[in-house]
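Here's the letter readout for the chains.
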Amino acid sequence: MTLDLATLLAATMAAATAQALPIVFVALRARLHRGLALWGLGLVVNALSYPAFGLRAFGWTEVSILATNLLSGLTLVLHTLAIASFQRHRAQPVRSALVWLPLAVNMVVVLLFMRDDHWRNILVASIQSVMAGMLLYQAWGPALVERRLTGRRVLIAGCAGLVLTLVVRTAYMVWASDWDAVYNVPGQVQGLTYFAVMAVLLVNSMGFVLMQMEFALEQQHALATHDSLTGLYNRSALQDLLPALGARARRQGEPLAFLMLDIDHFKRVNDTYGHLAGDAVLREVALRIRQRLRQADVVARYGGEEFLAVLPATDQAGALRLAEHVRKAIESPPVRLANAMVPITLSVGVHAGIPDDSPRALDAQIGLSDEALYAAKNAGRNRVEWR
Ligand SMILES: Nc1nc2c(ncn2[C@@H]2O[C@H](COP(=O)(O)OP(=O)(O)OP(=O)(O)O)[C@@H](O)[C@H]2O)c(=O)[nH]1
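Keep in mind that what you see is a predicted model, and the values were worked out from it rather than measured. (Residues numbered from 1 in each chain as written. Predicted model: local features only at pLDDT ≥ 70, side-chain atom pairs only at ≥ 80, totals over all residues. Heavy atoms only, no water.)

## Points about the overall build of the protein
Part 1 of the argument: On a plain count of helices and strands, the protein comes out with 12 helices and 7 strands.
Part 2 of the argument: In summary, the protein has a C-alpha radius of gyration of 31 Å against a globular reference of 21 Å for 387 residues, an excess of more than 25%.
Part 3 of the argument: The long-range fraction of contacts in the protein, counting pairs at least 24 apart against all pairs at least 6 apart in sequence, stands at 72%.
Part 4 of the argument: Carbon and sulfur atoms make up 64% of the accessible area of the protein, which amounts to about 19800 Å² in all.
Part 5 of the argument: Looking at the protein, you have 35 positive and 29 negative side-chain charges, and the mean spots of the two groups are 4 Å apart. (Helix = DSSP H or I, 4+ residues; strand = E, 2+ residues; numbered from the N terminus. Rg over C-alpha atoms; globule rule 2.2 N^0.38 Å. Contact = heavy atoms within 4.5 Å. Areas by Shrake-Rupley, 256 points an atom, 1.4 Å probe, with all protein chains shown as cover. Lys, Arg positive; Asp, Glu negative; His and termini not counted. Charge placed at Lys NZ, Arg CZ, Asp CG, Glu CD.)

Here's what the structure looks like:
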């Protein structure tokens, strides 16, 4: 079997389409994926660039040159925008106008140098290097805090490979072109670019799909472990974290402190201002509690209007000081709602001690902080008690 150019292009187009369609299908069905539809569209556009290249065989050289450049440039633009769409709220995306600009310049260059293969190929490769650089910059995620996604690393590697390919292509064409020949792209350069671009597209798509998957898993994990109203840990996540906190306290011989915090007469807030106002108060109280604790402290929404804070390496005196600090922070200023200032107070039960190694040691400590809370409620509320 001989593999002529037409067969090679048809096979490549089939592979590119097979890569594009499942992504488009998933993106259209599950709209929560961010940027996946744009990515899929980019792959469809890329698949079309192969028959566009093949038009040369029918003598439509100029149409082919225009269409191939437009479609391959558009692939880069759509993929850059897809990553920007994924990054939104996480990193400063490149401005859309800036992404389209090199494509526009690319097309002007193609039109101006239509009959000059030498300069057109060199200039187009340079402009596409810039576009690939933008793709890499976007994948890198400037100012992005969260860098640990494996998919992102794959994408960054792919984008870096593309930049390298295009820079090498530009340099090689300048250095090794036969300037007297009619068609000046050396065969090795064409082959290298062809295979590198195909490989990069595969790697990048894999990376982008992995990023989506990891992000979805991360979101699911956050939903399962956090209270949706306050953003604090939920009770079951706290139960999962407690054994490790207890074991560390035992190993290091340091006390673990428990603060059981409960909003006073919260039912009245709901009855007076409505349930939505009650929710806003819960959010604000949670925020003020969290702000007063250290990074290593764990706070959970333990019940409706009850919170439990677990403070590593904190003795009774320290825990009481902190509890008083939090109580005051809730008492003043009152919580500001759209049309009211709501005075809120908090009762706190405190217990601290080194947990022993009995299986119920931590439950017993929590029980003591709960007892202390009841004592605070019985003693008139808006106060701190300890056991
Ligand atoms: N808005 C709102 N209210 C909630 C939520 N969860 C629980 N509550 C309300 O919190 C109130 C708790 O009332 P109680 O257990 O009687 O306690 P309290 O009124 O704070 O009185 P003390 O704790 O004894 O000071 C109930 O009215 C619940 O409906 C929530 O997610 N949002």
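## Focus on the site of the ligand
Part 1 of the argument: Contacts to the ligand come from 16 residues, most closely from H265, F266, D279, R301 and R381.
Part 2 of the argument: H275 has a polar backbone atom sitting 3.1 Å from a nitrogen atom of the ligand.
Part 3 of the argument: Note that an oxygen atom of the ligand is positioned 2.9 Å from one of the side-chain N or O atoms of E305.
Part 4 of the argument: Among the secondary structure elements, those contributing two or more residues to the shell around the ligand are β1 (256-263), α9 (266-273) and α10 (275-292).
Part 5 of the argument: By residue number, the principal contributor to the shell around the ligand is α10, which donates 4 residues.
Part 6 of the argument: Residues of the shell around the ligand, tallied by class, amount to 3 nonpolar, 5 polar and 8 charged. (Near = heavy atom within 4 Å. Polar contact = N/O pair within 3.5 Å; in protein donor to acceptor, adjacent residues only side chain to side chain. Nonpolar A, V, L, I, M, F, W, Y, C, P; charged D, E, K, R; others polar.)

## Let's talk about the UniProt feature "transmembrane region" (unreviewed entry) in the protein
Part 1 of the argument: Here, UniProt's "transmembrane region" (unreviewed entry) annotation points to residues 6-28, 35-53, 65-86, 98-115, 121-141, 153-172 and 192-211.
Part 2 of the argument: Within the segment residues 6-28, helix and strand shares are 100% and 0% respectively, and the terminal C-alpha atoms sit 32 Å apart.
Part 3 of the argument: As a span, residues 35-53 carries 95% helix and 0% strand, and end to end its C-alpha atoms are 27 Å apart. (UniProt positions renumbered as here; feature names shortened; annotations may be inferred.)

## A word on the side chain of S129
Part 1 of the argument: Considering the arrangement of structural elements, one finds S129 in helix α5 (residues 117-140).
Part 2 of the argument: Leaving out residues up to four positions away in the same chain, S129 has contacts with L166, V167 and T170.

## Quick word on the domain arrangement of the protein
Part 1 of the argument: Each domain of the protein was delimited in the assignment, giving domain 1 (5-224) and domain 2 (235-386).
Part 2 of the argument: Between the C-alpha centres of domain 1 and domain 2 the distance comes to 52 Å. (Domains from an automatic or database assignment.)

## Regarding the nonpolar core
Part 1 of the argument: If you look at the biggest cluster of nonpolar residues, it comprises 37 residues, and the most contacted ones within it are W39, I83, L155, L162 and F208.
Part 2 of the argument: Broken down by secondary-structure element, the contributors of at least two residues to this core are α1 (5-29), α2 (36-54), α3 (61-87), α4 (96-112), α5, α6 (150-176) and α7 (187-225).
Part 3 of the argument: Counting 34 residues, the second largest nonpolar core, distinct from the first, contains F266, L282, V342 and L346. (Core = buried A, V, L, I, M, F, W, Y, C linked by side-chain atoms within 4.5 Å. Buried < 20%, exposed > 50% of the residue type's maximum accessible area, 1.4 Å probe, protein only.)

## Here we look at the packing of α2 against α3
Part 1 of the argument: As a packed pair, α2 and α3 sit with axes 8 Å apart at the nearest point and diverge in direction by 165°. Considered as vectors, α2 and α3 are oriented roughly antiparallel to each other. With respect to the hand of their crossing, α2 and α3 are arranged in left-handed fashion.
Part 2 of the argument: Residues belonging to the contact of α2 with α3 are distributed by class as follows: 15 nonpolar, 9 polar and no charged. (Axes fitted to C-alpha atoms, helices over the stretch in contact; angles between N-to-C directions. Parallel < 35°, antiparallel > 145°, perpendicular 65-115°, else oblique. Left-handed = near helix turned anticlockwise from the far one by under 90°.)

## Side note on α3
Part 1 of the argument: For α3, which comprises 27 residues, the first-to-last C-alpha distance of 39 Å matches the rise-based estimate of 39 Å (1.5 Å per residue) to within 8%.
Part 2 of the argument: Across the 27 residues of α3, 19 count as buried, placing the element largely inside the fold. (Expected span 1.5 Å × (residues − 1).)

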